[in-house]
Amino acid sequence: MCLSIPSKVVKIDKQNSVATVDTMGVQREASLALVGDEDIKIGDFVLLHIGFVMNKIDEKEALLSLEAFAKIVELMDEEEPL
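Residues numbered from 1 in each chain as written. Predicted model: local features only at pLDDT ≥ 70, side-chain atom pairs only at ≥ 80, totals over all residues. Heavy atoms only, no water.

S.K.: How would you sum up the overall build of the protein chain? Please name residues and give values.
M.R.: Helix and strand counts for the protein chain come out as one helix and five strands. When the helices and strands of the protein chain are listed from N to C terminus, the series reads β-β-β-β-β-α. The dimensions of the protein chain, computed from C-alpha atoms along their principal axes, are 45 × 25 × 25 Å. When the 82 residues of the protein chain are sorted by exposure, 29% land in the buried category. Expressed as a percentage of contacts within the protein chain between residues at least 6 apart in sequence, the contacts between residues at least 24 apart total 36%. When the accessible area of the protein chain is evaluated, it comes to approximately 5,900 Å², of which 56% is carbon and sulfur surface. When the 8 basic and 16 acidic side-chain charges of the protein chain are each reduced to a single mean position, those positions are 7 Å apart. (Helix = DSSP H or I, 4+ residues; strand = E, 2+ residues; numbered from the N terminus. Buried < 20%, exposed > 50% of the residue type's maximum accessible area, 1.4 Å probe, protein only. Contact = heavy atoms within 4.5 Å. Areas by Shrake-Rupley, 256 points an atom, 1.4 Å probe, with all protein chains shown as cover. Lys, Arg positive; Asp, Glu negative; His and termini not counted. Charge placed at Lys NZ, Arg CZ, Asp CG, Glu CD.)

S.K.: Could you give me a rundown of the nonpolar core, with the residues and numbers involved?
M.R.: Note on soluble globular proteins: their nonpolar side chains tend to be buried together. Counting 10 residues, the largest nonpolar core is built from V9, A19, V21, A30, L32, V35, I40, V46, L48 and V53. Counting only elements with at least two residues in this core, the list comes to β2 (18-23) and β4 (45-49). When near neighbours in sequence (up to four residues on either side) are disregarded, V21 contacts S7, K8, V9, V10, V26, Q27, R28, A30, V46 and L48. Of all hydrophobic cores here, the second largest spans five residues; its members include F45, L47, I57 and L66. (Core = buried A, V, L, I, M, F, W, Y, C linked by side-chain atoms within 4.5 Å.)

S.K.: Could you give me a rundown of the environment of R28, with the residues and numbers involved?
M.R.: Topologically, R28 is positioned in strand β3 (residues 26-31). For the pair R28 and S7, spaced 21 residues apart in sequence, the C-alpha separation works out to 9.8 Å. Setting aside chain neighbours within four positions, we find R28 in contact with A19, T20, V21, T23 and L48.

S.K.: How would you sum up the pairing of β4? Please name residues and give values.
M.R.: Extensive coverage of β4 is indicated by the burial of five of its five residues. With burial as the criterion, each face of β4 is covered, one bearing F45, L47 and H49 and the other bearing V46 and L48. Relative to β4, strand β1 (residues 5-13) is paired through four bridges, and the arrangement is antiparallel. Of the residues in β4, the one forming a bridge with I5 is L48. Note: β4 against strand β5 (residues 52-57), five bridges, orientation antiparallel. Bridging across to β5, L48 finds its partner in V53. The antiparallel hairpin formed by β4 and β5 contains two residues in its connecting segment, where I50 sits at a positive phi of about 40 degrees. (Pairing = 2+ DSSP bridges.)

Structure follows, in structure tokens:
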């Protein structure tokens, strides 16, 4: 199973086909090589998987997914260690 995480584009380096994305407060670079000519702009939400932008997604959908991820992390932090 693969997991892609919604991330917000905060910077684009078109010359190197790389975007800086923010994923739940963590910024990293991600390749734009897989989205081809898709129009990715600063402020867009994208799905990120293993360092690659997979596609652009709707902001509302992205925010709902990020809310769910945050809840999962919160629940995991509350669990007692084994």
